[in-house]
Amino acid sequence: MTAAAQIQPERRDEADRAALAYLVVGFAMLLVMGIFGLVMRLDQAGLWVIAPDRFYAVMTLHGIGMVAASLLAAMGGMIGVLGGTVRLDARMLWTALVLSLIGSGFVVFATLVGDFGAGWTVLYPLPFDSQGAWTRWAALAALFGILLVAVAFLLYCLELLRATVAHAGGLGRALALDYLFSFGRRGAASVPSPAQLVATVVAIDGVVTVLAGAVYLVPQFAIAAGLISGVNALFAKNFLYLFGHTLANLTIYLAAALVYATLPHYTGREWKSTWPVVLGLNLVIILVLLPYPHHLYQDFAQPIWLQVVGQIGSYGVAVPAFLVTIIGGMGQIYRSGMRWQVATILFAIGLWGWTVGGIGAVIDATIPVNQIMHNTLWVPAHFHTYYLLGALAFSTGYMYHLIGARSGGGETTFSRAAAWLYGLGGAGFVLMLFVSGGMSVPRRFAMHIAAWQWPDKISVAFVGVSAIALAWLGGECLIRLKAAWAGQATPP
Amino acid sequence: MARRRWKHPAMLVCGLAVLAAAFSPPLDSLADRFFAAHMFQHLLLMFAAAPLLVAARPWQPEAYPLPQAWAERLAAVRDRCARILRGAAFMLHQGVALVISTAVLWIWHIPALYDLALVHEPVHVAEHLSFIAAFALFWRPLFAGDGRSGGLASNLSRAVYLVASAMQGSLLAALITFSDRVVYRAYLAIPHPRALPALADQQLGGAIMWFSGALCYAVVAGLAMRSRE
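What you are looking at is a predicted structure, and each value in this text was computed from that prediction instead of being measured.

As a further point, take the confidence of the model for chain A. Scored by pLDDT, chain A has a mean of 94; 98% of the residues are at 70 or more. Ignoring residues within four places in sequence, the model shows residues 1-5 of chain A, a span with pLDDT below 50, making six contacts including any to other chains.

The structure is reproduced here in structure tokens:
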């Protein structure tokens, strides 16, 4: 009897339903946050000008909301992927979802009602030193909301870790260390699937990341309470980026695991945990924690060795991502005779997005380039590429696959056209951001001068195309959701 | 088994203790002067006393270590009350309970009504009783077992129920916290210490309502969710 067969159908159903809840809520949040992103681009293009204070509040909400929404969707996908083989506790998963939504509510109200506009980085000492732009309570509410989302992610990671370790029979087995250190000579029969490996790796890094976030956030609450007068700004910034940057990266790894588990359904080829895959994913445990200093190259007080770590780490983390996901994904598709369906189109777009966004990140992580490019729209260009066209494409593709599999609903030519249009719109949008970065247009400026506005205007049109396509796919999912909820468990 | 028999009485005692603490002179007199203390008092009533009293299931004397005759007599009283209140049974529906608890919370925070309660003790008592009753109705579906006994049957419905309530409470608290003027003008007539002027008191009260309320919802989520549905 295989491990997959040991999961009772009702447990599989519970996991699928929790996955659907995470995916649908995450997707809905992404659409709403995308509208706020459109408002920002309309403002910068001079097409719908809003007050600068409002722009920064919207920017803050868009940034934090998009990270939280992408994370939720990817977390949901991982639940669906693991649910067929690993016994997950529904109580922990649903509690984490509720906690995450309550935390997101704090950020929504802190920004839209309280005008909090310190950006998603909420960089010390800005939250409590707004020069009257927002109150101390608004800063506290935003930080508290982020803390709740982080705690929700911690609960999720602990559950993932417990479940994968229990399933494999130990942490070493969950990471296939015996297989790894024997160069594939021992333990080949019990190597976890790539998705299970990613789950364990992300869970370990997730715990480290949330702890880093606590190191940043807890002193902020102590400052607000008057218990301490301040913290070392550079120390705080290091931990903030270790938290935020790593969390954003882990989202993509979670989303990539959905491709490892789902693409084989379409290609008919197994995505095996070969020795290079096991090595690559184990290296991610360390490598994903290293690149964050590339956000601090312009901090002259930062020790030089950390700057070097940032550059090497940024290059290093690209290697397993490229070998495991990009090459692995292309190897799956190449000459497989796979039909282009919505899920596979979105997965292919995601592979493209992760590659291009990753190249943009590697370029920006090169110290001499970073000195010129970091405060331009080049940086939003790279992270929008691997979020919008990478993580979101993977998660949306998986959501479409899961809902289709459970509801038994088919897809039409319009569905496939919408998937391609989503990629086209997204590509045009990020291309315009890259062009603006190439023109040295500064980022985080509420108002753009006329000479900077032509790419902004073109990008608005592309956002419109992408949004319509995404809304079409979302609408199809919504129509089938009831049937999917009541439907049969997906094959493991 | 014996320990289970004492679970409900223990919760009843805790619920009553919280009620006593909420209405005890130190907090009650502070609540008359400071908005923040008043919000803390409301939190005790809605988020501690009400769920504890509901979880204690006082309507189930069989769950208590009472002599058989007493339990039967109390059950008979309960059944008689249930017959009298049959027309109000619709209020036990989850959707209705959510609407009632939301409405009660918002109505009592309308400035004119809030100020009225602050200066007229009978209105104030009515406010507190309505908070306890409305939130007892609200918590009941989360602790009432499965769908057949009027409880929320799935983790999805529990999650939607909790998040919907948390969001409306958050919105009200955020509006109070971020208001740049004193909303409840009755406090302007009450002398405040220099360290905590009326506006700062209002912001602190809103934040207590918002932050502590969210933590309560989070704790309840952990207790109400099921590993297996």
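The subject of this paragraph is the interface of chain B and chain A. Listed per partner, the contact involves 30 residues of chain B and 27 residues of chain A. Looking only at chain B, the three residues that lose the most surface to chain A are B:Phe178, B:Phe211 and B:Arg228, adding up to 24% of its buried area. Among the secondary structure elements, those contributing two or more residues to the side of chain B that touches chain A are α8 (155-177) and α9 (198-224) of chain B.

This part is about the pattern of salt bridges. Counting across every chain of the model gives eleven salt bridges over all chains. Here A:Arg406 ties to A:Asp16 by a salt bridge, and the two come within 2.9 Å at their closest N and O atoms. Of this pair, A:Arg406 sits in helix α13 (residues 378-407) while A:Asp16 sits in helix α1 (residues 9-44), and the two are 390 residues apart along the sequence. When the shortest N-O distance is used, the salt bridge between B:Asp79 and B:Arg78 registers 3.2 Å. Given the relative accessible area of 34%, B:Asp79 is considered partly exposed.

With that settled, the discussion passes to the packing of aromatic side chains. Per the stated rule, a full pass over the model turns up 35 aromatic pairs over all chains. Aromatic pair B:Phe138 and B:Tyr217: ring centres 6.4 Å apart, planes at 85°, arrangement edge-to-face. With B:Phe138 in helix α7 (residues 121-143) and B:Tyr217 in helix α9, this residue pair connects regions lying 79 residues apart in the sequence. Classification of B:Phe138 as buried rests on a relative accessible area of 0%. By the ring-pair criterion, three or more aromatic residues cluster together here, those being A:Phe106, A:Trp137, A:Phe144, B:Phe178, B:Trp210 and B:Phe211.

The next thing to look at is empty space enclosed by the protein. All names here are of chain B. Within the structure shown, the criterion is met by seven cavities of 30 Å³ or more. Of the volumes computed, that of the largest cavity is approximately 130 Å³. Within the residue set of the lining of the largest cavity, elements represented by two or more residues are α3 (35-55), α8 and α9. The element best represented in the lining of the largest cavity is α9, accounting for five residues.

The next point concerns the environment of A:Thr267. Residue and element names in this part refer to chain A. Looking at where Thr267 falls in the secondary structure, it is placed in helix α8 (residues 233-267). Between the C-alpha atoms of Thr267 and Gly337, which are 70 residues apart in sequence, the distance is 7.0 Å. Apart from residues no more than four positions distant in its own chain, Thr267 is found in contact with Gln332, Ile333, Ser336 and Met338. A distance of 3.3 Å separates a polar side-chain atom of Thr267 from the backbone nitrogen of Arg269.

Rules of the game
Residue numbers restart at each chain and count upward from 1, following the sequence in its written direction. Working convention: letters from A go to chains and numbers from 1 go to ligands, in the order in which they are written. Local features in this predicted model are restricted to residues of pLDDT 70 or higher, and side-chain atom pairs are both shown and tallied only at a pLDDT of 80 or more, whereas totals for entire chains, interfaces and linings draw on every residue. As a rule here, side-chain values cover all heavy atoms of the structure and leave hydrogens and water aside. For every residue, the predictor assigns a confidence score, pLDDT, that lies between 0 and 100. Throughout, a residue-residue contact means that at least one pair of heavy atoms, one from each residue, lies within 4.5 Å. When two parts are brought into contact, each loses some accessible area as probed by a 1.4 Å sphere; the total of that loss over both is the buried area. To qualify as a helix, a DSSP run of H or I must reach at least 4 residues; to qualify as a strand, a run of E must reach at least 2; elements of each kind are numbered from the N terminus. What counts as a salt bridge is simple: a side-chain nitrogen of Lys or Arg found within 4 Å of a carboxyl oxygen of Asp or Glu. Only protein chains enter the accessibility calculation, which uses a 1.4 Å probe; a residue is then buried when its area is under 20% of its type maximum, exposed when over 50%, and partly exposed in between. Between the rings of Phe, Tyr and Trp (Trp by its six-membered ring), a pair exists once the centres lie within 6.5 Å; its type follows the angle of the planes, with under 30 degrees stacked, over 60 edge-to-face, and the other angles tilted. Here a cavity denotes grid points, spaced 1 Å and computed from the protein atoms alone, that fit a 1.4 Å probe unable to get out, and a pocket denotes an open set having protein on both sides within 12 Å along at least 5 of 7 lines; residues with an atom within 4 Å of a point are the lining. Grid points are joined across faces, edges and corners, and a volume is the space filled by probe spheres set on the points. Two N or O atoms form a polar contact when they lie within 3.5 Å of each other; inside protein one atom must be a possible hydrogen donor and the other a possible acceptor, and for residues adjacent in sequence the pair counts only when both atoms belong to side chains.

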